[in-house]
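Summary of the model geometry
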Amino acid sequence: MIAKTKKVADYKKLSTELPTLRYVDPERVYLSLNTDRAKQYSVNVETGDYVKLGQIIGERDGGFFKQPIYSTVSGKVEGFQKKMHPSGMEVDVVVVQNDFKDEYHETITDRPESVIEKMSREEIIDVIKDKAIVGLGGSGFPTYIKLNTDENIDTVIINAVECEPYLSSDYRLIKDQPDDIFKGLKYVMQAMSASQGVIAVKKTKTELIEVLENELRRFKDSNIKIAKLDDYYPQGWEVETIKNALGIKVPSGKLPMEYGVLNINVSTTAAIFEALKHNLPITKRHITINGDAIKFPQNIRTRIGASIKDLIKLSDGFIDEADKIDLIIGGPMMGKSVTTDDVLVNQTVTSVLALKSVETYEEPCVRCGSCVFSCPVDIQPVNIMNAYKRGDKQALENLEVDKCIECGLCAYVCTSKIHLTDYMRKGKNFLR
Amino acid sequence: MEIIQKSAPHLRKPNASVVRMMSDVAIALSPLVIFAIYQHGMSAFWILLVSVLSMVGTEYLYYQIIDKMNGEKFKLNNKSFTIYNFSVVVSGLIYGLTLSDRVSLVVVAIGGIVGVFLAKLIFGGMGQNIFNIAAFARVFVVLSFGGAIAYDTFVDSDVGATVLGLLSADMFDASVTEHYSYWTMFSGIGLPGSLGETSALLILVGGLYLFLRKSFDIFVPLTYVGTVFVLSLAVMLTNDAGWWFPITHIIGGGLLFGAIFMATDPITQPTTRPGRIYFAFGLGVITFIIRIFGDLPEGVVFAILIMNMFVPAIDYHKWARNKFTFRSATIFSLVVIVTIILTVVGVNYVG
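Residues numbered from 1 in each chain as written. Chains lettered and ligands numbered in written order. Predicted model: local features only at pLDDT ≥ 70, side-chain atom pairs only at ≥ 80, totals over all residues. Heavy atoms only, no water.

**Quick look at the overall build of chain A**
Within chain A, the secondary structure is distributed over 15 helices and 17 strands. Computed over its C-alpha atoms, the radius of gyration of chain A comes to 22 Å, within 12% of the 22 Å expected for a compact globule of 432 residues. For chain A, the spread of C-alpha atoms along the principal axes amounts to about 65 × 50 × 40 Å. Each of the 432 residues in chain A was classed as buried or not, and the buried ones make up 60%. Taking the intrachain contacts of chain A between residues at least 6 apart in sequence as the baseline, contacts between residues at least 24 apart amount to 72%. Across chain A, the mean location of the 58 positive side-chain charges is 3 Å away from that of the 62 negative side-chain charges. (Helix = DSSP H or I, 4+ residues; strand = E, 2+ residues; numbered from the N terminus. Rg over C-alpha atoms; globule rule 2.2 N^0.38 Å. Buried < 20%, exposed > 50% of the residue type's maximum accessible area, 1.4 Å probe, protein only. Contact = heavy atoms within 4.5 Å. Lys, Arg positive; Asp, Glu negative; His and termini not counted. Charge placed at Lys NZ, Arg CZ, Asp CG, Glu CD.)

**What to know about the domain arrangement of chain A**
When its domains are assigned, chain A resolves into domain 1 (13-104 + 283-356), domain 2 (113-277) and domain 3 (370-431). On a C-alpha basis, the centroid separation for the pair domain 1 of chain A and domain 3 of chain A is 33 Å. (Domains from an automatic or database assignment.)

**A few points about the pairing of strand β7 (residues 75-84) of chain A**
All names here are of chain A. By the bridge criterion, two bridges tie strand β4 (residues 50-51) to β7 in an arrangement that is antiparallel. Opposite V51, over in β7, you have G75 as the bridge partner. Relative to strand β8 (residues 90-98), β7 runs antiparallel, the two sharing nine bridges. Paired with G75 across the strands is N98, a residue of β8. (Pairing = 2+ DSSP bridges.)

**Topic: the sheet that holds strand β5 (residues 56-61) of chain A**
All names here are of chain A. The strand order across the open sheet formed by three strands is β3-β5-β6, and the pairing between neighbours is antiparallel. Edge positions in the sheet fall to β3 (40-43) and β6 (66-70), since each of these pairs with one other strand and no more. Direction aside, the axes of adjacent strands within the sheet are offset by 25° on average. (Axes fitted to C-alpha atoms, helices over the stretch in contact; angles between N-to-C directions.)

**A look at the pairing of β8(A)**
Residue and element names in this part refer to chain A. For β8, a buried count of seven out of nine residues is recorded, marking the element as mostly surrounded by other parts of the structure. Here strand β2 (residues 28-32) pairs with β8 via five bridges, running antiparallel. When the sheet's bridge partners are listed, Y30 is paired in β8 with V95. Count of turn residues in the β7/β8 antiparallel hairpin: five residues, of which G88 carries a positive phi of about 95°.

**Quick word on the packing of aromatic side chains**
For the coordinates displayed, the defined rule picks out 20 aromatic pairs over all chains. Measuring from ring centre to ring centre gives 5.0 Å for F64(A) and F65(A), while their planes differ by 70°; the resulting arrangement is edge-to-face. Relative accessible area serves as the criterion here: at 3%, F65(A) is assigned to the buried category. Plain terms: the ring middles of F257(B) and F261(B) are 5.4 Å apart, the flat faces sit at 45° to each other, and that makes the pair tilted. With a gap of four residues between them, F257(B) and F261(B) both fall in helix α12 (residues 255-262), about one helical turn apart. (Phe/Tyr/Trp six-rings, centres within 6.5 Å; stacked < 30°, edge-to-face > 60°.)

**Looking at the packing of helix α4 (residues 105-119) of chain B against helix α5 (residues 133-144) of chain B**
Residue and element names in this part refer to chain B. Taken N-terminus to C-terminus, the directions of α4 and α5 make an angle of 130°; their axes are 8 Å apart at the nearest point. Of the possible angle classes, the one that applies to α4 and α5 is oblique. Remark: the crossing between α4 and α5 carries right-handed chirality. Along its contact with α4, which presents V107, I110, G111, V114, G115, V116, L118 and A119, the element α5 presents I133, F136, A137, F140 and V141. Looking at side-chain class alone, the contact of α4 with α5 contains 11 nonpolar, two polar and no charged residues. (Parallel < 35°, antiparallel > 145°, perpendicular 65-115°, else oblique. Left-handed = near helix turned anticlockwise from the far one by under 90°. Nonpolar A, V, L, I, M, F, W, Y, C, P; charged D, E, K, R; others polar.)

**Remarks on the interface of chain B and chain A**
On the side of chain A, 64 residues touch chain B, which itself brings 46 residues to the contact. Sorting the residues of chain B by area buried against chain A places L11(B), R12(B) and K13(B) first, and these three jointly supply 16% of that buried surface. At the surface where chain B touches chain A, the tally comes to three salt bridges. Salt-bridge contacts for K323(B) lead to D378(A); the nearest nitrogen and oxygen are separated by 3.2 Å. Put simply, chain B and chain A have 32 residue pairs in polar contact (both at pLDDT 80 or more) between them. When contributions to the side of chain B that touches chain A are tallied by element, the ones reaching two or more residues are β1 (2-4), α1 (18-40) and α13 (273-293) of chain B. The dominant element in the side of chain B that touches chain A, judged by the number of residues it contributes, is α1(B), at four residues. The residue makeup of the side of chain B that touches chain A, split by class, is 19 nonpolar, 13 polar and 14 charged. Here strand β15 (residues 324-329) of chain A runs beside β1(B); their pairing, made up of three bridges, is parallel. (Buried area = accessible area lost by both parts, 1.4 Å probe. Salt bridge = Lys/Arg side-chain N within 4 Å of Asp/Glu carboxyl O. Polar contact = N/O pair within 3.5 Å; in protein donor to acceptor, adjacent residues only side chain to side chain.)

**So, helix α14 (residues 300-314) of chain B**
Residues and elements named next belong to chain B. Under the 1.5 Å per step criterion, the end-to-end length of α14 is 20 Å for 15 residues, consistent within 8% with the ideal 21 Å. Of all the positions in α14, only V300, V301, F302, A303, I304, L305, M307, N308, V311 and I314 are classed as buried. Buried residues belonging to α14 abut α5, α10 (219-239), α12 and α13. (Expected span 1.5 Å × (residues − 1).)

What follows is the structure in structure tokens.
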């Protein structure tokens, strides 16, 4: 109530202990050509062509970066159509029919450890760029741009905090492939010539810590540490993670790189490992299907390009009594709500949640101050809301609405159930 | 089945609601209500009933008239009416508890009607009011019907003067503890005063409940009472008055009731933690200054109304920040020190 709220009810028990459902191979995959980040594209396949797994079928152009598009299955190109992207945008897709043979393209060859050890920074970054590795935590930002920083990096921090409620895909990834993460981290450290690596996990996830510590014995000489962080929201926000794991405070408006820290999501690290070791682009990822409107919550490892509809069908669909549901891609605090389940899976989909839609009754603000106390960036949501309602630009600037990271805590804690986060977004747009 | 589009966050804290917060205050007040009826008999019951009903009724009527003017159909259950979240009931109860048991019921009703109308409804209803409704109604009654309300200065020969009434006549009258033992002041049994303010024990129980349920901001009562304590301690030390002086100032009057139930009304508070501490500090200073230098024996409600006016200024976007900075903490500590010095100088050389 009128107090600082740091914990968010997390509902992770529903899915963390479930084994990952593997080899969920869709009959056809929908590979998005343009995305919310890259609007232009070119295609070099036609309907009827046979493509192999890992074959380049086109190229996206995002203005400041170019990104090859890979096929994630082998099979025949069925055609081109429009489909909903997880960002909520209609995009052009290539439909490839899966022949379930997984025929690899000629370029997909393993690199021996001895070769990787001798790779220079440029070579490693080139591979990451060629294989179109992006931030898999949800941002989708090209990783090679991040690695290409001019700053001197001495610490690489792997963010495995996963602080959003309901999510367990990173949890399952670490449990399933801890080795990949350590090796991926080692490669990144090699590329950045960083002296130490840190894997940040929540203190409360004792099983994960056990797995990681077991694995750590094999990487004793790599100067890798495991940072056990407190369980609260938004611990996974990079500024908060870096502060608690390393004690470095990154002020708002600065990049962690300027402080010698490179922050990478744990699934991105696994993808970097696959790119360097097997020369593979991102073809599969862990996805959590969860929520109180899903019959059987699951962790699924599936192909990029699968349809969310199929994944929900695998979880036995929605429960019958729910007549209104929220379908969310990503976590419940920051995730994107979509209007249809006919959405493709891209690299950044960490989870699909179906929650029973609860109508909240919005009461007048009683100025209890919970939002002010809980805000992780120390701004005053209630006063920003009032300033926005008055149309007061000066006040919005003084109240530093631009600092807001839209973590959703203010609306979560609100005594009057006011959608404050929405007002924060409106306030930011108003200043622009 | 239908898929709804909403914007993030999709989760809301389950146990945060205005209804819970306001009903918690009502629950915390209930021992005081029972104690008031036990102590003063049916007259207390009628006063509390009239104070609540006058506020609830005025609000109900007001919203019915507004709806009528907007051309809406008459509905028995009005949508803007806030009785479902207890806020107006709580205001009415607090207002009733600040009155003495000798006030005529007509005066109680007039105070309730005027209070809720002028302090709440014309500002736009719940969440919009600038002044604490109960404090406003109480002050309205005191100023308009001073004789009828039998305020603390009105020495009643049967019961005797209130603790602060005695102190008002002579600030360092140590005999006050002979009139009323500490236990009487703490438990409130047999202590004259307003209906709800006498029993420090039950007020603290209510405060503890609100604290455990996190339904109020504990920093406000702590700072408020702490400020009065520090100021009275400073006066005590410079006048060798003895420990009875700060103790009677804290448990002898309406301070605890005002600090726990009236100053913590979230609507009329600043929103930031430092802001609330400045606010409560101001309350403490004004309360103490009215008690020592003013003509009235008691200053809690006036202090609350005066500080309510400064809330927008404390919350002003140019300087309101969520946390103390080095600069604001330094300035605030300087202000505290200067206030203590001024109070001591005032008591010794002016008052």
